[in-house]
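Now for the letters of each chain:
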Amino acid sequence: MSKFVIAGGAGNVSKPLTEILLSKGHDVTVIGRSTKNLEEAVSLGAQTAIGDVSDSEFLSAAISGADAIYLMLPPNYKEANLKKLGTDFGKVFATAIEEAAVKNVVFLSSYGAHRLTDAGAISALGLAELELNKLEGVNVLHLRAGYFYNNLLMSLGQVKEHGVIGNMFEIPSGTFTIVDPQNIAEAVAEALITRNFTGHSYKYVVSDETGTDEIASLIGKEIGLPGLKWVRFSPVDSKNALKGFGFSDGAADEYVEMFAALDKGILFEDYFAGNNSASGTSIEEFAKTFATYYNLEN
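This write-up is about the structure you can find in this document. (Residues numbered from 1 in each chain as written. Predicted model: local features only at pLDDT ≥ 70, side-chain atom pairs only at ≥ 80, totals over all residues. Heavy atoms only, no water.)

**What to know about the sheet that holds strand β1 (residues 3-6)**
Read across the sheet, seven strands follow the order β3-β2-β1-β4-β5-β6-β10 without closing on themselves; strand pairing throughout is parallel. The sheet is open, and its two edges are formed by β3 (47-50) and β10 (200-205), each paired on a single side. Strand-to-strand twist across the sheet, computed as the mean angle between neighbouring axes with direction ignored, equals 20°. By the bridge criterion, four bridges tie β1 to strand β2 (residues 27-32) in an arrangement that is parallel. (Pairing = 2+ DSSP bridges. Helix = DSSP H or I, 4+ residues; strand = E, 2+ residues; numbered from the N terminus. Axes fitted to C-alpha atoms, helices over the stretch in contact; angles between N-to-C directions.)

**Things to note about helix α11 (residues 249-264)**
Three or four residues apart is the spacing at which side chains of an α-helix point the same way, because the helix has 3.6 residues per turn. With 16 residues, α11 extends 23 Å from end C-alpha to end C-alpha; this agrees with the ideal 22 Å at 1.5 Å per step. Every buried residue of α11 is accounted for by G250, A251, A252, E254, Y255, V256, M258, F259, A261 and L262. Of the surrounding secondary structure, the elements contacted by the buried residues of α11 are α4 (82-100), α5 (121-132), β7 (147-148), β8 (165-167), β9 (176-179) and α10 (235-244). G265 occupies a position one or two residues after α11 and carries a positive phi of about 85°. (Expected span 1.5 Å × (residues − 1). Buried < 20%, exposed > 50% of the residue type's maximum accessible area, 1.4 Å probe, protein only. Contact = heavy atoms within 4.5 Å.)

**Here we look at the nonpolar core**
With 75 residues, the main nonpolar core has I63, I97 and L262 as its most contacted residues. Counting residues in hydrophobic clusters, the runner-up holds 31 residues, among them L17, Y70, V106 and A187. (Core = buried A, V, L, I, M, F, W, Y, C linked by side-chain atoms within 4.5 Å.)

**So, the environment of V188**
Here V188 is to be found in helix α8 (residues 181-194). For V188, a relative accessible area of 0% puts it in the buried group. As a C-alpha pair, V188 and V13 span 175 residues in sequence and 8.9 Å in three-dimensional space. When sequence neighbours within four positions are dropped, the list of residues in contact with V188 reads L17, Y70, V106 and L143.

**Focus on the sheet that holds strand β11 (residues 208-210)**
One open sheet holds the three strands; their spatial order is β7-β9-β11, and the pairing between them is mixed. Whereas interior strands pair on both sides, the edge strands pair on one side only; in this sheet they are β7 and β11. Direction of pairing for β9 relative to β11: antiparallel, over a ladder of three bridges. Considered in β11, the bridge of I178 is made with D208.

**Regarding the environment of H142**
Among the structural elements, H142 can be located in strand β6 (residues 139-145). With a relative accessible area of 1%, H142 lands in the buried category. Expressed as a C-alpha distance, the spacing of H142 and F169, which sit 27 residues apart in the sequence, is 26 Å. With residues near it in sequence (within four places) discarded, H142 still touches F107, S109, E129, L132, N133, S201, Y202 and K203. Looking at H142, its side chain comes within polar contact range of the side chain of N133, at 2.8 Å. (Polar contact = N/O pair within 3.5 Å; in protein donor to acceptor, adjacent residues only side chain to side chain.)

**Points about the pairing of β2**
With respect to burial, β2 is a largely interior element, five of its six residues being buried. Of the crossover connections in this fold, the one passing from β1 over helix α1 (residues 14-23) to the parallel β2 is right-handed. Across four bridges, β2 lies against β3 in parallel orientation. Its bridge partner lying in β3, I31 is registered against A49. Viewed along the sheet, the connection from β2 through helix α2 (residues 39-44) into β3 turns out right-handed. (Right-handed = clockwise from strand over helix to strand, strands pointing away.)

**Looking at the pattern of salt bridges**
Inspection of every chain in the model, using the stated rule, returns 16 salt bridges. E131 is paired through a salt bridge with K134; the nearest N and O atoms lie 3.2 Å apart. Assessed through its relative accessible area of 56%, K134 is described here as exposed. Taken together, the shared-partner salt bridges connect K239, K243, D249 and D253 into one network. (Salt bridge = Lys/Arg side-chain N within 4 Å of Asp/Glu carboxyl O.)

**A look at the packing of aromatic side chains**
Tallied over the full model, the rule gives 17 aromatic pairs. Each ring, one from Y77 and one from Y255, has its centre 6.1 Å from the other, and the planes form 75°; the classification is edge-to-face. Placement of Y77 in the loop between β4 (68-71) and α4 and of Y255 in helix α11 is noted, with a sequence separation of 178 residues between them. Ring plane angle 90° and centroid distance 5.8 Å describe the contact between Y202 and Y204, whose orientation is recorded as edge-to-face. (Phe/Tyr/Trp six-rings, centres within 6.5 Å; stacked < 30°, edge-to-face > 60°.)

**With respect to a negative patch on the surface**
Taken together, the side chains of D55, E57, E98, E99 and E136 make up a negatively charged region of the molecular surface. With respect to the element layout, E57 can be found in helix α3 (residues 56-63). Taking the relative accessible area as the measure of exposure, E57 reaches 63% and is therefore exposed. (Patch = residues over 30% accessible without salt bridge, like charges linked within 9 Å, V, L, I, M, F, W, Y side chains within 5 Å. Areas by Shrake-Rupley, 256 points an atom, 1.4 Å probe, with all protein chains shown as cover. Lys, Arg positive; Asp, Glu negative; His and termini not counted. Charge placed at Lys NZ, Arg CZ, Asp CG, Glu CD.)

**Here's the deal with the side chain of T29**
Note that T29 resides in strand β2. T29 gets classed as buried once you look at its relative accessible area, which sits at 8%. Excluding residues that lie within four positions of it along the chain, T29 makes contacts with F4, V5, I6, Q47, T48 and A49.

Printed below as a string of structure tokens:
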């Protein structure tokens, strides 16, 4: 039995990851800001550490004694400068890891993390990678995950109200790296348990390679709208929509920058330049999941 510490509370990756590790008999501590959000994990046998991962003293105490840890940047839409936030979190994580003498770290990063200056929120993850890579004598694996399927579920209202699905980008068939959080959790669990990574490295986690027109077509067929089209929205409309969701002006600008990078295709260049392949939940399978949520709200 190994001891693992999982950041991210009951998030899309952290929750199934915790379930996988507990089912295999491991000692798991989950870090979160709220005890209530972690009740299910506790019921399954997890321990908890309640606090803020931006506090290096708290984080150091929480991860002390762990055989391996999983870290991620907490979502933050209020900050004005997400790239600076990524660097700041990377420094906090590195300080806590050094103080706790943890030797194995899995960090949730993203496709496009090689773009450090022009990919908005994704650049923030690349900058956090750089800080973690300054650690000496620590094995750090950056899992560069594709675009989350869950992000497409945010378009449910759009499809219902306007009969279209879209964003600020259009991506050709076979070039959009996309991922199911369950597949990420499986990849993290394997890395934590086997600890078969050394030094500082990164690995892509991608479930399928698709395109925006294919996404619209497959979802449309599943929900009874075979003519569903993917629509590219303007930067101004996209920024206003983000601010309507509570994003700060600066954070909205960084997400618009990220969407522009997606539209250019530059976030996928490192993935396709390497010997990488997709494996896991297909876009066809996800389209059925989308339809389930769509029909629930009808």
